[in-house]
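# Understanding the architecture of this molecule
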Amino acid sequence: MTRITRFVGGLALAAALAAPLAGAATAQTADSDAQIMQGLSQATMFDPSLTAQVLRQMAQDAVTKNQPLTLDKSEIAKRLDKLAQITVQIQFALGSDIIRPESYATLGSIADAMHHPILANYKFIVVGNTDTTGTRAFNLKLSQERANAIVQALVVVFGISPDRLEAVGLGQEALQVPSKPQDPINRRVQIFTIGTVGPMGNPVPTSAP
């Protein structure tokens, strides 16, 4: 099934979001289809204890306790680093969970990888991250809403089964560059391979053609 075929099913939603939004767009990170495939299929082992629910609780606990940020990576980030993953820049309308139209090409490439036979039996967590601009509680809420929006787009527009996706917002609790907490590089979306939806006959290869 091609990306175009999958797109037709969600054309009405995509058209509603296609009108240009005010303001100059930030440059989109260009990840090739091969890079996305390699990132999501690079590991054969998973951490069954690291679920979407556990991640959400860890982030909420950090916000509730107002745990101080350090120059080292947070415990959440350290655990996530061990999983097969990709990091992409998905653009949203300012302070909103509305995905900007220019980011749908990136979402299409991600969907192509998820539909590929190599990854067709795998599950993923979509994680939203922010920098430290704004309050921790607001950032946690906004990042969850944005992760939800990405999952919705992958399901409705690109035909990924909802059983294969979970959304988690981590706010500012897993900074990419802790020494520069307000750097825009910390505003990113990560997608992690977390396991399978059914038995696998063969392990995930370490690279993709």
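Parameters at a glance
Residues numbered from 1 in each chain as written. Predicted model: local features only at pLDDT ≥ 70, side-chain atom pairs only at ≥ 80, totals over all residues. Heavy atoms only, no water. Helix = DSSP H or I, 4+ residues; strand = E, 2+ residues; numbered from the N terminus. Buried < 20%, exposed > 50% of the residue type's maximum accessible area, 1.4 Å probe, protein only. Contact = heavy atoms within 4.5 Å. Axes fitted to C-alpha atoms, helices over the stretch in contact; angles between N-to-C directions. Parallel < 35°, antiparallel > 145°, perpendicular 65-115°, else oblique. Left-handed = near helix turned anticlockwise from the far one by under 90°. Nonpolar A, V, L, I, M, F, W, Y, C, P; charged D, E, K, R; others polar. Pairing = 2+ DSSP bridges. 1 Å grid on protein atoms, 1.4 Å probe; cavity = no way out; pocket = protein on both sides within 12 Å on 5 of 7 lines; lining within 4 Å. Points joined across faces, edges and corners; volume = space filled by probe spheres on them. pLDDT = per-residue confidence, 0-100. Right-handed = clockwise from strand over helix to strand, strands pointing away. Lys, Arg positive; Asp, Glu negative; His and termini not counted. Salt bridge = Lys/Arg side-chain N within 4 Å of Asp/Glu carboxyl O. Polar contact = N/O pair within 3.5 Å; in protein donor to acceptor, adjacent residues only side chain to side chain.

## Quick notes on the overall build of the protein
Summing up its helical and strand segments, the protein has 7 helices and 4 strands in all. Counting helices and strands in the order they occur from the N terminus, the protein gives α-α-α-α-α-β-α-β-α-β-β. By residue count, 45% of the 209 residues in the protein fall in the buried class. At a minimum sequence separation of 6, the contacts of the protein that also span at least 24 residues come to 84%.

## Section: the packing of helix α3 (residues 33–40) against helix α6 (residues 104–115)
Direction vectors running N to C along α3 and α6 enclose 50°, while the axes themselves pass 9 Å from each other. Taken together, the axes of α3 and α6 are oblique relative to one another. Every pair of crossing elements has a handedness; the one defined by α3 and α6 is right-handed. Two secondary-structure elements touch here, α3 through Asp 33, Ile 36, Met 37 and Leu 40 and α6 through Ser 109, Ile 110, Asp 112 and Ala 113. Class assignment for the residues of the contact of α3 with α6 results in 5 nonpolar, 1 polar and 2 charged.

## As for the sheet that holds strand β1 (residues 85–88)
If you walk across this open sheet you meet the 4 strands as β1-β4-β2-β3, and the pairing is mixed. In the strand order of this sheet, the two ends are held by β1 and β3 (165–171), each with one partner. Across this sheet, the average inter-strand angle for adjacent strands is 25°, counted without regard to direction. By the bridge criterion, 6 bridges tie strand β2 (residues 122–129) to β3 in an arrangement that is parallel. Within β3, the residue paired with Ile 125 across the bridge is Glu 166. α3 rests against β1, β2 and β4 (189–196) of the sheet, and its axis sits at about 135° to β1.

## Points about the environment of Ile 160
When you line up the elements, Ile 160 lands in the loop between α7 (136–156) and β3. Those residues in contact with Ile 160 that lie beyond four places of it in its chain are Ala 111, Met 114, His 115, Leu 154, Val 155 and Leu 165.

## Some remarks on the layout of surface pockets
Space inside the second largest pocket adds up to approximately 270 Å³. Around the second largest pocket, the lining comprises 18 residues; the ones closest to its centre are Ala 62, Gln 67, Ser 74, Glu 75 and Glu 173. For the lining of the second largest pocket, the elements supplying multiple residues, two or more each, are α4 (52–65) and α5 (75–80). The greatest single-element share of the lining of the second largest pocket, amounting to 3 residues, is contributed by α4.

## Brief notes about the side chain of Asn 139
Looking at the element boundaries, Asn 139 is found in helix α7. The exposure class assigned to Asn 139 is buried, which follows from its relative accessible area of 2%. What Asn 139 contacts, discounting residues up to four positions off in sequence, is Thr 130, Asp 131, Thr 132, Thr 133, Gly 134, Gly 171 and Gln 172.

## Overview of the confidence of the model for the protein
Within the protein, residue pLDDT values average 82, and 78% of them lie at 70 or more. Taken as a whole, residues 1–30 scores under 50 in pLDDT and shows 43 contacts with residues more than four places along the chain or in a different chain.

## Regarding the pairing of β3
Among the 7 residues of β3, 6 are classified as buried, and the element is accordingly described as predominantly covered. Following the backbone out of β2, through α7 and into the adjacent parallel β3, one traces a crossover that is right-handed.

## Thoughts on the side chain of Arg 164
The topology assignment puts Arg 164 in the loop between α7 and β3. One buried charged side chain, Arg 164, makes no salt bridge at all; its nearest oppositely charged neighbour is Asp 163, positioned 8.9 Å away. At 2.7 Å, the side chain of Arg 164 forms a polar contact with the backbone oxygen of Leu 119. Among the polar contacts listed, one links the side chain of Arg 164 to the backbone oxygen of Tyr 122, at a separation of 2.9 Å. Residues within four places of Arg 164 in sequence aside, it is in contact with Met 114, Leu 119, Ala 120, Asn 121, Tyr 122, Lys 123, Phe 124 and Val 197.

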